[in-house]
Each structure stands twice: as C-alpha cells, then as structure tokens.
Amino acid sequence: MSVATSQAFPPVMPTYARLDLAIERGEGVYLHGTDGRRYLDFMSGIAVTALGHAHPRLVAALVEQAQKLWHVSNIFRIPEGERLARRLVENSFADTVFFTNSGAEAMECGIKTVRKYHAHHGHPERYRLVTFEGAFHGRTLATIAAGGNRKYIDGFGPAVDGFDQVPFGDHEALKAAIGPQTAGILIEPVQGEGGIRPVPPQCLRGLRELCDKHGILLFFDEIQCGMGRTGRLFAHEWAGVAPDVMSLAKAIGGGFPLGACLATAKAAAGMTAGSHGSTYGGNPMAMACGNAVMDVMLEEGFLDRVQQVSSHLVQQLQGIVERHPEVFEEVRGQGLMLGLKCRMPQGEVAAALRARQLLTVNAGDNVVRLLPPLIAGPEHVAEACAIIDAAADELAAKARAGAKAG
Ligand SMILES: *Cc1c(COP(=O)(O)O)cnc(C)c1O
C-alpha cells in the first residue's frame, strides 16, 4: 500500500456518511453546534437522550458515582445494578435482567437466551428465530443476520445461521416459517430503522398465541421503542401482551452506553453461572445513570405527559401533511416515535429542516423520523411544527418551479 493511500484514509474509520457539523454542547431539547447555531433536537442521538441533554439529575448521578467507583468486575455484587434490575423487573413482565453496553449486545444475549432455553430442555436443534423484513437488530454478525438487510450482511463472510425472515405483515408466510427447528419469533413492536412501522396490537397478540401453540419463545426488540418512547414504559404494553425475552438499550442509559436483556425465569432457565458474560456490562457508572433515568421516568405523570405532547404533535403534523401533499404522504408511529413518510426524497426534506435548525433522522421507506427528547413540551412542538411547515412550503414551491422548468 502506498503512503499516499494511507495518508488519505481518515483516522476515524469512514463507516458513516457524516454531516460536516459537530456538536459542542447540549441543553435540554437543544444542541449547540460548533457552527455557532442552536438546533432543536428531534433525533435525540437516535432515541437515546430521552431526558434531553445535560439533565441535572443525570449529571448529578454520574458525577456522584464517578467520585466513588467507576468499575469493578462482575465477579462482585454490584448493588446499583441489583437495584436497577429489581426496578426493571417490578415494572415489566420479566423476572431477571442481564446488563450490556449496547443494543446489539442485548440482542446477542436475547438470542442466546432463546436458543439456550430449548437446549436446556433437551432440544438443541431448536435454534432458529423467525424475523421480519425491514427489521433492524444491530451490527454484530448475529444481529445483521437477524435484521436480514443485504447491505449490512454482504461482504462479511457467511451470514450467521439461524434466522428465517418473513415479509412484514404476512401471516401465512409466518405460519409456514415455523418448523421443528424454530426456537422463537423476534420482532420490534414498532420498527424503527425500517421506517416507524408499528405492529398492530392484534398482530402482537397473534404472535403470542402462535408462540404458545408451538412452545416457542416471543422475543421483543424494544431497544428503540422501549423506555417511554411510545408513551408507555414499553411499547408492547399497548397491545396487552408480554414477551418471554426483551432487549432494551438506547434511552435506558440516557446517553451513557447501556443495554439490557430482560427475560422471564422460565425463558432464562438455561442462563446459569458461566453461560454468558461481559466485562463492562452493568458497571457502576452505567448503573448510576440507568437508575437516574428510571427515577425520572417512573415519576407520576411523566409518561402521561409524553402521551399528551405526542397527541398534540401528531395533530399538528397531520395538518402539515394535509397542507403539503406534494411533500408528505402520512404521519405514523406512536408516542414520540413518529415518522413523516415523504413524497420527495427524505434526504432533501431532512436537509431543509436542518437548514432551519431542526434535527431529524432518516429511516427506511422514505421516512423522516421525529424522535424528540421525552421532556419536550408544547413550546418545542410548536417550534418544530413551524419549521416543518415553512420547510414544506419552500420544498413544494421548489418542486412546482422544477416541474414548470422541466
Ligand atoms: C439501535 C438499535 C439496535 C442496535 O443497538 P446498538 O446500541 O447500536 O448496538 C437494535 N435494535 C433496534 C430496534 C435498534 O433501534
């Protein structure tokens, strides 16, 4: 390799098509760029900073813990972790929790838990998971295979075996995919990267029945849609069904890297001492942040407020969609996990919003995702909607001018 090539290659591996913008500081619902501009943050680091930036309770918890203890091995008891696990258990279907540093690791733990359940019961041949098109479960070798997106799989050698993908919403294909080797069904109750596609409640209930009928496990990936994002602590609560295994990450640490795999005692039967591990998983710093996030989210009225702000935002967005049919097709999603399906390329829409200092995230299916911090209020909804409306005016005018010229 020539010297010139190695010098031209950036020190940060160029796996992201990055914007030429750096963020210096965050404050609540706003981010301050090194360009001197203040942005309204409706991406939350992709559904991570659910309590906004520099939340005083998170800062205090982190600083206090940093002065006491950063890290110990998981061979010791970690009281802050026991407390966070107990609180997750008390507020969910689960009996037990494994802490990780990321979503993909929470997924890996969940996949292993589901497979181990059957091996533990004498059926190691039952290791396959049924998954859905448009899914996203992370970027490790197993989770790219689970997600099924060729863009992420190709070029990295043989895909990890054990995932059978069916089209989203195809009930017949789903039933046909369940065989003697099936261990479980894996689904995001609301697809995030796939384009904010909620699974109808009756379908989630149908999946539960199907799993019970076949003696297989139901595994929900709530890494993006969980932790208050839909206005309930967990998205599946809206459907009134419970999974056997669930992955969490993103908002659970409020910005500190943290993930969790939750399971019932029955599902976790095979996860005994030595079966799984992580050096950092559940370390005291992460646990302090996780507990601080829980302190705020479990406060009376927090989730009700998310629902109120959501219905206000949805109503406004519906008006914008109606006024700008050249730009937008529909608004969809739940809580503060919303998507605007675009008629023009989503990238152009996102760029127009960014130019007006509103940050959003692209998703599949030509959708612009709106993921405001869960602390956003009516004033932020009003500000965002004024920006979206003005940007849509401008985009529609441009499109009309372009059509005339063409
Ligand atoms: C972000 C995400 C993941 C992966 O989480 P990482 O922390 O990036 O590993 C998995 N599943 C869903 C639904 C996600 O949104």
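Residues numbered from 1 in each chain as written. Predicted model: local features only at pLDDT ≥ 70, side-chain atom pairs only at ≥ 80, totals over all residues. Heavy atoms only, no water.

Draft legend 1. Up close: the sheet that holds strand 12 (residues 259-263). The 7 strands are arranged 4-12-11-10-7-5-6 in an open sheet whose pairing can be described as mixed. The strands lining the two open edges of the sheet, one partner per strand, are strand 4 (96-100) and strand 6 (163-166). Shown here is a sheet whose adjacent strand axes are inclined to one another by a mean of 20°, direction ignored. Looking at chain direction, strand 10 (residues 217-221) and strand 11 (residues 245-248) are connected through 3 bridges and run parallel. (Pairing = 2+ DSSP bridges. Helix = DSSP H or I, 4+ residues; strand = E, 2+ residues; numbered from the N terminus. Axes fitted to C-alpha atoms, helices over the stretch in contact; angles between N-to-C directions.)

Draft legend 2. Region of the structure containing a nonpolar patch on the surface. On the surface, a cluster of nonpolar side chains totalling about 290 Å² of accessible area is made up of Leu 141, Phe 156 and Val 160. Locating Phe 156 in the fold gives a position in the loop between helix 7 (150-153) and strand 6. (Patch = residues over 30% accessible without salt bridge, like charges linked within 9 Å, V, L, I, M, F, W, Y side chains within 5 Å. Areas by Shrake-Rupley, 256 points an atom, 1.4 Å probe, with all protein chains shown as cover. Salt bridge = Lys/Arg side-chain N within 4 Å of Asp/Glu carboxyl O.)

Draft legend 3. Highlighting the sheet that holds strand 14 (residues 337-342). Sheet architecture is open: 4 strands sit in the order 13-14-17-16, paired in antiparallel fashion. The sheet is open, and its two edges are formed by strand 13 (328-334) and strand 16 (361-363), each paired on a single side. Ignoring strand direction, the axes of neighbouring strands in this sheet form an average angle of 30°. Pairing geometry for strand 16 and strand 17 (residues 367-370), over 3 bridges, is antiparallel. The residue of strand 17 that forms the bridge with Asn 362 is Val 368. Here helix 11 (residues 302-323) sits on the sheet in contact with strand 13, strand 14 and strand 17, set at roughly 165° to strand 13. Helix 12 (residues 346-355) rests against strand 13, strand 14, strand 16 and strand 17 of the sheet, and its axis sits at about 40° to strand 17. (Contact = heavy atoms within 4.5 Å.)

Draft legend 4. Spatial organisation of the environment of Gly 231. By the secondary structure assignment, Gly 231 is in the loop between strand 10 and strand 11. Separated by 76 residues in the primary sequence, Gly 231 and Gln 307 have C-alpha atoms spaced 5.0 Å apart. Excluding residues that lie within four positions of it along the chain, Gly 231 makes contacts with Trp 238, Leu 303, Val 306, Gln 307 and Gly 335.

Draft legend 5. Focus on the packing of helix 4 (residues 79-90) against helix 10 (residues 284-297). Between helix 4 and helix 10, the least distance of the axes is 9 Å, while the angle of their chain directions is 35°. Between helix 4 and helix 10 the crossing geometry is left-handed. On helix 10, the residues touching Glu 80, Gly 81, Arg 83, Leu 84, Arg 87 and Leu 88 of helix 4 are Met 287, Gly 290, Asn 291, Met 294 and Asp 295. Split into classes, the residues belonging to the contact of helix 4 with helix 10 amount to 4 nonpolar, 3 polar and 4 charged. (Left-handed = near helix turned anticlockwise from the far one by under 90°. Nonpolar A, V, L, I, M, F, W, Y, C, P; charged D, E, K, R; others polar.)

Draft legend 6. Up close: the state of the cysteines. In this structure the tally under the stated criterion is 0 disulfides. With no disulfide of its own, Cys 203 lies 13 Å from the sulfur of Cys 211, the closest cysteine sulfur. A residue is classified by how much of its surface remains accessible, and Cys 203, at 18% relative accessible area, is buried. Unpaired in terms of disulfides, Cys 225 finds its nearest cysteine sulfur in Cys 261, a separation of 15 Å. Judged by relative accessible area, which is 1%, Cys 225 ranks as buried. (Disulfide = S-S within 2.5 Å. Buried < 20%, exposed > 50% of the residue type's maximum accessible area, 1.4 Å probe, protein only.)

Draft legend 7. Spatial organisation of the domain arrangement of the protein chain. Assigned domains within the protein chain: domain 1 (3-54 + 301-405) and domain 2 (56-297). Computed over C-alpha atoms only, the centres of domain 1 and domain 2 are separated by 27 Å. With 29 residues of domain 1 at the interface, the matching set in domain 2 holds 29 residues. On the domain 1 side of the contact with domain 2, Leu 51, Gln 334 and Met 337 bury the most area, a combined 28% of that side's loss. If you look at where domain 1 meets domain 2, you find 9 residue pairs in polar contact (both at pLDDT 80 or more). The leading source of residues in the side of domain 1 that touches domain 2 is helix 11, at 4 residues. (Domains from an automatic or database assignment. Buried area = accessible area lost by both parts, 1.4 Å probe. Polar contact = N/O pair within 3.5 Å; in protein donor to acceptor, adjacent residues only side chain to side chain.)

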